[in-house]
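A look at the structure
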2 protein chains.
Amino acid sequence: MRKKTTEEYIEIICLLEKQEGRAQTGRIAEAIDVKPPSVTEMLRKLEHEGFIVYESYAGATLTPAGEEMARDLRKRHRTFADLLELLGVGGETAEADACQFEHHVSPETLEHLRVFLAFLKESPDGRRCLEAFGEFRKRRG
Amino acid sequence: MRKKTTEEYIEIICLLEKQEGRAQTGRIAEAIDVKPPSVTEMLRKLEHEGFIVYESYAGATLTPAGEEMARDLRKRHRTFADLLELLGVGGETAEADACQFEHHVSPETLEHLRVFLAFLKESPDGRRCLEAFGEFRKRRG
DNA sequence: GATCATTTTTAGGTATACCTAAATCTGGGT
DNA sequence: ACCCAGATTTAGGTATACCTAAAAATGATC
């Protein structure tokens, strides 16, 4: 499979830390589908970069910088996933595509999408817009 | 900078072929910001994979498979770029983000976005929706 | 048709993220 | 306290896309 990015490691470490108190090498390895030695190596790199604290044989926990990155990623992910679902993309696919987009979006575009999402969800005009889109799709087949 | 994908090579080869009849090593290298020897290496790989015909010292041209990939990429690119611009993202940013998204979108999501784009551009309801979104953004500041 | 500047390829090397196999650590059960 | 199973790290190796420097091919000019 594809090489994993810093951001993907941070996301799964964040998840495991919440679920299990800390992120262990083996659990990370399963989650992102690489072998444990590769995880050990990456954890050292992430520690060097200041995103995690890593203790041999014990696992990793996020530093404030790591937590900020995780928060940011979660926000980006939700923006894309919610938007895609509102536009009718199936849940699984929406999640999967959000997982890709979240790593590649610029701050400017993200902000625009966030506002558009708010428009669709929170304003009467936006909700009407979604309904009209639903009709449009039906007419199209 | 980042490693370039097959798709990025195909895109620039397609562009150069249209602009200059064929894609020369040096022109590809400038365009994607790598050195010529790296391009030679990738051209061999792309030929092996069936996307281009590569002649030493002469350059590359797309095979039917390569052209299909290029067409497909162009379509994906336009979908994202147009959609982002309609939502108010600046032209440069919209293009840059489209360049990223086009490589990571699933067929299902792409199809939904394409229909949504058609809705916005071609239906009265869609155009009303865009106007309402413009108002919404103004109110937001 | 020989020369020379430019372009391209060849040769050899780097960095990164991955792997397997073997060694080492850790914590629970006796 | 010891042992052992399971987890983790160490050691060493692979693949890929990149690089620089040097060699070779191209083609424009005389």
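Going by the structure above, here's the rest.
I will try to describe carefully the structure that is included in this document. Remember, it's a predicted structure, so these values are computed and weren't measured experimentally.

With that settled, consider the state of the cysteines. Inspection of the entire model under this criterion finds 1 disulfide over all chains. Shown here is the disulfide that connects A:Cys129 with B:Cys129, its sulfur atoms set 2.0 Å apart. Between A:Cys129 and B:Cys129, the S-S torsion sits near -80°, and that sign places the bridge as left-handed. Residue A:Cys129 is located in helix H7 (residues 124-140), and its partner B:Cys129 is located in helix H7 (residues 124-140); the two belong to separate chains. The same class applies to A:Cys129 and to B:Cys129, which are both buried. Here A:Cys99 stays unpaired: no disulfide links it, and the sulfur of A:Cys14, its closest cysteine neighbor, is 13 Å away. A relative accessible area of 34% means that A:Cys99 is categorised as partly exposed.

Take the pairing of strand S1 (residues 52-55) of chain A next. Residues A:Ile52 and A:Tyr54 point to one face of S1(A) and are all buried, whereas A:Val53 and A:Glu55, pointing to the other face, are not buried. From the end of S1(A) to the start of strand S2 (residues 59-62) of chain A, which pair antiparallel, there are 3 residues, and A:Tyr57 there has a positive phi angle of about 70°.

A few words now on the relation of the copies chain B and chain A. When chain B is fitted to chain A, the residual RMSD is 0.0 Å, and the transformation amounts to a turn of 180° plus an axial shift of 0.0 Å. Between the two chains, the operation in question is that of a two-fold axis. Using C-alpha coordinates, one finds that chain B approaches the rotation axis most closely at B:Cys129, a distance of 2.7 Å. A shared binding surface is used by both copies, with 100% of the interface residues of chain B retained as interface residues in chain A.

Lining the immediate environment of DNA strand D, one finds 21 residues, of which A:Thr40, A:Arg44, A:Tyr54, B:Lys35 and B:Ser38 sit closest. Near-protein atoms of DNA strand D (within 4 Å) split between backbone and bases, with sugar and phosphate holding 74%. B:Ser38 is positioned with one of its side-chain polar atoms (N or O) 2.7 Å from a phosphate oxygen of DNA strand D. Listing elements by their share of the surface near DNA strand D, those giving two or more residues are helix H2 (25-32) and helix H3 (36-48) of chain A together with helix H3 (36-48) of chain B. Looking at which element gives the most residues to the surface near DNA strand D, the answer is H3(B), with 5 residues. Within the surface near DNA strand D, the residues separate by chemical class into 9 nonpolar, 6 polar and 6 charged.

What follows covers the protein's contact with DNA strand C. Taken together, the neighbourhood of DNA strand C is formed by 21 residues, with A:Lys35, A:Ser38, B:Thr40, B:Arg44 and B:Tyr54 sitting nearest. When atoms of DNA strand C within 4 Å of the protein are split into backbone and base, the sugar-phosphate part holds 71%. A:Glu41 is positioned such that a nitrogen or oxygen atom in its side chain is 3.0 Å from a base nitrogen of DNA strand C. A:Tyr57 is positioned with one of its side-chain polar atoms (N or O) 3.5 Å from a sugar or linking oxygen of DNA strand C. Elements supplying a minimum of two residues to the surface near DNA strand C: H3 of chain A together with helix H2 (25-32) and H3 of chain B.

All right, on to the packing of helix H1 (residues 6-20) of chain B against helix H4 (residues 64-86) of chain B then. All names here are of chain B. Between H1 and H4, the shortest axis-to-axis distance is 9 Å and the interhelical angle comes to 100°. For the element pair H1 / H4, the angle class is roughly perpendicular. From H1, Thr 6, Glu 7, Ile 10, Glu 11, Cys 14 and Lys 18 reach across to H4, where they touch Gly 66, Met 69, Ala 70, Leu 73, Arg 74 and Arg 76. Taken together, the residues that form the contact of H1 with H4 break down as 5 nonpolar, 2 polar and 5 charged.

How each quantity is defined
Residues numbered from 1 in each chain as written. Chains lettered and ligands numbered in written order. Predicted model: local features only at pLDDT ≥ 70, side-chain atom pairs only at ≥ 80, totals over all residues. Heavy atoms only, no water. Disulfide = S-S within 2.5 Å. Helix = DSSP H or I, 4+ residues; strand = E, 2+ residues; numbered from the N terminus. Buried < 20%, exposed > 50% of the residue type's maximum accessible area, 1.4 Å probe, protein only. Pairing = 2+ DSSP bridges. Least-squares fit on C-alpha atoms with pLDDT ≥ 70 in both. Contact = heavy atoms within 4.5 Å. Near = heavy atom within 4 Å. Polar contact = N/O pair within 3.5 Å; in protein donor to acceptor, adjacent residues only side chain to side chain. Nonpolar A, V, L, I, M, F, W, Y, C, P; charged D, E, K, R; others polar. Axes fitted to C-alpha atoms, helices over the stretch in contact; angles between N-to-C directions. Parallel < 35°, antiparallel > 145°, perpendicular 65-115°, else oblique.

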